[in-house]
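Chain by chain, the residues:
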Amino acid sequence: MELFDGLKDNIGGKKVRIVFPEPTDIRVLGAAVRLKSDNLVEPILIGNIDKIKEVAGTRGLSIDNLEIIDPENYAGFDNMVASFIERRKGKATEDQARTILKDENYFGTMLVFMDLADGLVSGAVHSTGDTIRPALQIIKTKPGVSRTSGAFLMVGNRDSEKYIFSDCAININPDAQALAEIAVESAKTAEIFGIDPKVALLSFSTKGSAKSEEVTKVAEATKIAQELAPELAIDGELQFDASYVPSVAQQKAPDSKVAGSANVFVFPEIQSGNIGYKIAQRLGGFQAIGPILQGLNRPISDLSRGCNEEDVYKLSIITASQALQEK
Ligand SMILES: CC(C)(COP(=O)(O)OP(=O)(O)OC[C@H]1O[C@@H](n2cnc3c(N)ncnc32)[C@H](O)[C@@H]1OP(=O)(O)O)[C@@H](O)C(=O)NCCC(=O)NCCS
Ligand SMILES: CC(=O)OP(=O)(O)O
């Protein structure tokens, strides 16, 4: 069965409500129309109806059966302002809240927070910061998780060839505790896709072959992650070849249960993570689906601005799957 067929079977007909704050981007609108006609999600488009219709017209798309909410004339706006002020606990005045909530990402995130929607997909147009800041401020992390992080599902030519790469998107230089949490959350993300997680915390060193602060951080994070989730297969610090290639693992880390067969790769900081996933995508030909935000109370997903319509379609299916997983 194709990877996404199982996810589609799961969410089909369940009317999971997904907010799209960027419907005047044709990639987003095209995906929303397909998701509705495939009966996979109930899209909620945020914006001005005339502008959305104009974009739909360029591709002959029908949007008559899609829900559209314009923050400029939303009947529940006063309620939303009050809820935002309460959530931000003194960090926004009423005037500031009224201005902030005209921003489509803040508005859409509040719909999710207020349970008027189940998840949100944005970021085809907005930067990652602008897409996820509302979620960090309003949705916040689950109990026991201090930092949200961004994972990619990397899919190769064969459907069985699937891996998780993280954090490629959010935490610029996580400390050992945050890196350990990222490793544990990434294992949970792997399970959504039927991957039996074997988690490698990556470095330029394998089991003490090099000494530096950076290596110590990864070794410490490994220890913390193993304590946080003793039931999971987690190991580090490992170089990528030792984590992935059995013969190299045999030489560099012969006692490791993860080395040589890892399928969840945790990068030590965002530079290597973001560069690493884009190399696998652009040179290696892998599909990169994400970033899938991990550790938030509700599913909010951030696209890469380089995405295509298929990426929006697939990330929306994942977001809806996360929403159902939580119900
Ligand atoms: C994610 C990012 C935008 C947050 O930066 P920021 O808005 O300056 O964050 P701040 O430190 O001002 O924090 C804003 C709020 O988010 C929270 N926050 C910040 N990072 C967080 C994280 N990783 N997890 C959970 N909450 C977080 C803060 O606690 C704060 O909450 P509060 O306002 O309720 O106190 C920033 O870390 C960033 O730019 N990361 C890289 C993004 C990127 O360019 N990725 C590459 C492309 S995908
Ligand atoms: C995930 C990512 O790198 O996003 P963008 O390409 O939009 O910066």
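Shown above is the structure to which this text applies.
Residues numbered from 1 in each chain as written. Chains lettered and ligands numbered in written order. Predicted model: local features only at pLDDT ≥ 70, side-chain atom pairs only at ≥ 80, totals over all residues. Heavy atoms only, no water.

**Some thoughts on the nonpolar core**
- Of all hydrophobic cores here, the largest spans 60 residues; its most connected members are Phe20, Leu153 and Phe193.
- Broken down by element, the residue count for this core peaks at 9 residues, all from helix α8 (residues 176-192).
- Leaving out residues up to four positions away in the same chain, Phe193 has contacts with Leu3, Leu7, Leu153, Lys162, Ile164, Ile292 and Ile318.
- Of all hydrophobic cores here, the second largest spans 27 residues; its members include Ile46, Ile69, Ala97 and Leu120. (Core = buried A, V, L, I, M, F, W, Y, C linked by side-chain atoms within 4.5 Å. Buried < 20%, exposed > 50% of the residue type's maximum accessible area, 1.4 Å probe, protein only. Helix = DSSP H or I, 4+ residues; strand = E, 2+ residues; numbered from the N terminus. Contact = heavy atoms within 4.5 Å.)

**A look at the site of ligand 2**
- Taken together, the neighbourhood of ligand 2 is formed by Phe152, Asn274, Tyr277, Lys278, Pro291, Ser304 and Arg305.
- In this structure, an oxygen atom belonging to ligand 2 sits 3.0 Å away from a side-chain N or O atom of Asn274.
- A distance of 3.5 Å separates an oxygen atom of ligand 2 from a polar side-chain atom of Tyr277.
- Burial of ligand 2 by the protein chains amounts to 85% of its free accessible area of 260 Å². (Near = heavy atom within 4 Å. Polar contact = N/O pair within 3.5 Å; in protein donor to acceptor, adjacent residues only side chain to side chain. Areas by Shrake-Rupley, 256 points an atom, 1.4 Å probe, with all protein chains shown as cover.)

**Considerations on the site of ligand 1**
- Near ligand 1, the surroundings consist of 19 residues, among which Arg88, Lys91, Arg133, Thr148 and Ala169 are the closest.
- Broken down by secondary-structure element, the contributors of at least two residues to the shell around ligand 1 are α7 (128-139) and α12 (270-282).
- If you tally residues by element for the shell around ligand 1, the top one is α7, at 6 residues.
- Along the lines of polarity and charge, the residues of the shell around ligand 1 split into 6 nonpolar, 8 polar and 5 charged. (Nonpolar A, V, L, I, M, F, W, Y, C, P; charged D, E, K, R; others polar.)

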